[in-house]
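# Report on the structure
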Amino acid sequence: MSNNHILVVEDDHEQRALICDILTLSQYRVTEADCVEQAILLIKEHQFDVIFSDWKLGQLTGIDLLNYVRKNTPLTGFVIATAYGTISHAVEALQQGSDDYLPKPFQRQELLLTIEKALKAKELRSQNQQLSAQLSEQKQLIGLVGKAPCMQAVYQRIDKVSATNATVLILGESGTGKELAARALHERSNRNHRKFIAINCGAIAESLAEAELFGAEKGAYTGANNTKIGRFEAADQGTIFLDEIGELSPSLQAHLLRFLQEGTICRLGSHQEIKLDVRVIAATHRDLQQEVRDGNFREDLFYRLNVVPINMPALRERQQDIPLLADHFIAAHSKQHQCQAEPLNSESYRALLEYHWPGNVRELSNRIERFVLLNDIDELTANMSSETLSSNESGELPQVDLPEQGFNWEAFERQCLANTLDFHQGNRTKAAKYLQMSYKAFLYRLEKFNINSK
Ligand SMILES: Nc1ncnc2c1ncn2[C@@H]1O[C@H](COP(=O)(O)OP(=O)(O)OP(=O)(O)O)[C@@H](O)[C@H]1O
């Protein structure tokens, strides 16, 4: 039996028995309560790892229990079950610090997955507690908003490597906060009183790039009337952030490799080596390993850069942070533009939660900024419905010849999911969209059938 102890709070006797059975069969230690008051008495006596609570519990709600838990045993994992279609409850629960919510009716596997998620969140919170003083300071400092377990893992990574001089490669889709993470690494290092220089490798003209990065001697090229200091030299004793590293030309890749190996650069037009102390942080939204396989990126450079990788999660992978980020950006943009925006209603939160956010946090920030400036809620959700996963269109259904002897439905569902994923080269966002399913529902199914997309 697992050591993990779950408290199930549900006033419907049959439902409670069912949930307890599922959890007990999955080797959890389970205790039950039929109301908030009884749950609180039990929490005072025992240490629970996760509390699974229904929303409606007599006169009180799961939120009352959640508030008690967050105040008194903040590490405990918490999942709230919400009635079908009551998205405002889900939003409220996430805002109050629930680790996840589970819309009813739910399946056995979905229940087990949310419990596992809450356990993971609890574990990360426990680990972070040791760093908590630093962590709250760090969260302020680095400006990264998000409480999801995958973001906690990012904070931990940043915390561990910021004090070192290790080269860091930050990976993630566009708009996921790669530059913010790089700044955080710099801010938390002992280089923070020196420069942080950010360069978008895709944005510098090829012909000027070498002089721009490594400097040039007077007369090295037409128009070089004075000696030019490059960005590497300017960043001496500080940090250089090379964004879109995948765009670096082969010749600059060679220069960068030499710097990472020898710690020296040569200005254009000179053979004199200049020793520098610059920490390199690189980022890309590309699959650099694929670029290496395709011959576009040097393998030796890839390994030099990839000393410590940090993966920034896509916004759709941390759905629980969406309300938090939305509220954060409303406050930030209202302050910036000195205007007052209406608080979001539950319909708007629902639209935000259901959308798949191809532009990630940047897109959320931009949409909220437009909404705040124009005070028009339609600006927030414009063009979302056509992109939203839960489209109502059924599309053309595939023809299936039902075999006379019957067939195994689960095996069939598994096959459909796996084929769809293959069809989209393992891209889960596209596959979920193709099946007109929310990303979260699709992930549940992948995990349920143990289908690996990577
Ligand atoms: N976790 C976060 N909390 C608060 N703001 C965030 C977060 N992540 C990103 N942002 C904001 O979103 C915008 C985009 O972030 P950033 O430039 O760091 O992303 P990026 O991954 O480097 O994007 P690109 O790959 O396009 O360069 C910025 O305005 C940033 O402040």
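Residues numbered from 1 in each chain as written. Predicted model: local features only at pLDDT ≥ 70, side-chain atom pairs only at ≥ 80, totals over all residues. Heavy atoms only, no water.

If you trace the 5 strands from one edge of the open sheet to the other, you get β2-β1-β3-β6-β7, paired in parallel fashion. Both outer strands of the open sheet, β2 (29-33) and β7 (100-103), are each paired with one neighbouring strand and no more. Recorded for the sheet is a direction-independent mean angle of 20 degrees between the axes of neighbouring strands. As paired strands, strand β1 (residues 5-9) and strand β3 (residues 50-54) are joined by 4 bridges and run parallel to one another. Each bridged residue has a counterpart across the sheet, and for V8 the counterpart in β3 is F52. Contacting β1, β3 and β6 (77-82), helix α3 (residues 62-72) runs over the sheet at an angle of about 170 degrees to β6. Sheet strands touched by helix α4 (residues 87-95): β6 and β7. Its angle to β7, the strand with the most contacts, is close to 165 degrees. (Pairing = 2+ DSSP bridges. Helix = DSSP H or I, 4+ residues; strand = E, 2+ residues; numbered from the N terminus. Axes fitted to C-alpha atoms, helices over the stretch in contact; angles between N-to-C directions. Contact = heavy atoms within 4.5 Å.)

Quick look at the packing of aromatic side chains now. In total, this model carries 9 aromatic pairs according to the counting rule given. Aromatic side chains F214 and F232 sit 4.9 Å apart centroid to centroid with 20 degrees between the ring planes, which places their arrangement in the stacked category. With F214 in helix α9 (residues 206-214) and F232 in helix α10 (residues 231-234), this residue pair connects regions lying 18 residues apart in the sequence. Of the residues examined, F232 reaches a relative accessible area of 0% and is grouped as buried. (Phe/Tyr/Trp six-rings, centres within 6.5 Å; stacked < 30°, edge-to-face > 60°. Buried < 20%, exposed > 50% of the residue type's maximum accessible area, 1.4 Å probe, protein only.)

A separate point is the site of the ligand. Contacts to the ligand come from 18 residues, most closely from V145, S174, G175, K178 and R362. Between the ligand and the protein, one listed contact pairs an oxygen atom with a side-chain N or O atom of S174 at 2.6 Å. Side-chain polar atom of D243 to an oxygen atom of the ligand: 3.1 Å apart, as the coordinates give it. A total of 630 Å² of accessible area belongs to the ligand in isolation, and the protein chains cover 83% of it. At the level of elements, α8 (178-187), α14 (322-337) and α16 (360-374) are the ones that each hand at least two residues to the shell around the ligand. Among the elements that take part in the shell around the ligand, α8 stands out by supplying 3 residues, more than any other. For the shell around the ligand, the per-class residue count stands at 6 nonpolar, 5 polar and 7 charged. Shared between two domains, the shell around the ligand takes at least three residues from each, and those domains are domain 2 (136-311) and domain 3 (318-381). (Near = heavy atom within 4 Å. Polar contact = N/O pair within 3.5 Å; in protein donor to acceptor, adjacent residues only side chain to side chain. Areas by Shrake-Rupley, 256 points an atom, 1.4 Å probe, with all protein chains shown as cover. Nonpolar A, V, L, I, M, F, W, Y, C, P; charged D, E, K, R; others polar. Domains from an automatic or database assignment.)

The next thing to look at is the domain arrangement of the chain. Domain parsing of the chain yields domain 1 (5-129), domain 2 (136-311), domain 3 (318-381) and domain 4 (389-454). Its C-alpha centre places domain 2 at a distance of 40 Å from the equivalent point of domain 4.

In this section: the UniProt feature "modified residue: 4-aspartylphosphate" (unreviewed entry) in the chain. In the numbering used here, UniProt assigns the feature "modified residue: 4-aspartylphosphate" (unreviewed entry) to D54. By the element assignment, D54 lies in strand β3. Once residues within four sequence positions are removed from consideration, D54 is found in contact with V9, E10, D11, G62, I80, A81 and K104. (UniProt positions renumbered as here; feature names shortened; annotations may be inferred.)

One covalent bond between the sulfur atoms of two cysteine residues makes up a disulfide. Tallied over the full model, the rule gives 0 disulfides. Considering cysteine sulfurs only, C266 is the nearest to C201, which forms no disulfide, with 19 Å between them. (Disulfide = S-S within 2.5 Å.)

Our next topic: the packing of α9 against helix α11 (residues 250-262). Where α9 meets α11, the closest approach of the two axes is 10 Å, and the angle between their N-to-C directions is 15 degrees. In this view, α9 runs roughly parallel relative to α11, as classed from their interaxial angle. Like other packed secondary-structure pairs, α9 and α11 cross with a definite hand, here right-handed. Contacts between α9 and α11 involve A209, E210, L213 and F214 from the first element and L252, H255 and L256 from the second. Residues that form the contact of α9 with α11 fall into these classes: 5 nonpolar, 1 polar and 1 charged. (Parallel < 35°, antiparallel > 145°, perpendicular 65-115°, else oblique. Left-handed = near helix turned anticlockwise from the far one by under 90°.)

A word on the nonpolar core. In this structure, L7, I51, L65 and L352 are the most contacted members of the largest nonpolar core, which totals 46 residues. If you list the elements that add at least two residues to this core, you get β1, α2 (36-45), α3, β6, α4, α14, α15 (346-354) and α16. Taken domain by domain, the makeup of this core includes at least three residues from each of domain 1 (5-129) and domain 3 (318-381). Once residues within four sequence positions are removed from consideration, L65 is found in contact with V9, V36, A39, I40, I43, I51, S53 and F78. One finds L169, L257, L276 and V292 within the second-largest nonpolar core, a separate group that totals 31 residues. (Core = buried A, V, L, I, M, F, W, Y, C linked by side-chain atoms within 4.5 Å.)

The final tally for this structure, using the stated rule, is 23 salt bridges. For D100, the salt bridge identified is with K117, shortest N-O distance 3.5 Å. With D100 in strand β7 and K117 in helix α5 (residues 108-130), this residue pair connects regions lying 17 residues apart in the sequence. Connected via shared salt-bridge partners are E10, D54 and K104. (Salt bridge = Lys/Arg side-chain N within 4 Å of Asp/Glu carboxyl O.)

Strand order in the open sheet formed by 5 strands is β9-β10-β13-β8-β14, with parallel pairing between adjacent strands. The open sheet has two free edges, formed respectively by β9 (196-200) and β14 (308-311), since each of these has just one partner strand. Within the sheet, the average angular offset between the axes of one strand and its neighbour, ignoring direction, is 20 degrees. As defined by bridge partners, strand β8 (residues 168-171) adjoins strand β13 (residues 279-284) across 4 bridges and the pair is classed as parallel. Its bridge partner being in β13, V168 is matched across the sheet by I281.

Another aspect to go through is the confidence of the model for the chain. Residues with a pLDDT of 70 or more make up 93% of the chain, whose mean pLDDT is 87. Ignoring residues within four places in sequence, the model shows residues 386-393, a span with pLDDT below 50, making 15 contacts including any to other chains. (pLDDT = per-residue confidence, 0-100.)

With that settled, the discussion passes to the pairing of β3. The element β3 is extensively covered by neighbouring structure, given that 5 of its 5 residues are classed as buried. Neither face of β3 is left uncovered, since the one carrying V50, F52 and D54 and the one carrying I51 and S53 both have all their residues buried. When β3 meets β6, the two strands line up parallel, connected through 5 bridges. Following the sheet pairing, F52 is matched in β6 by V79.

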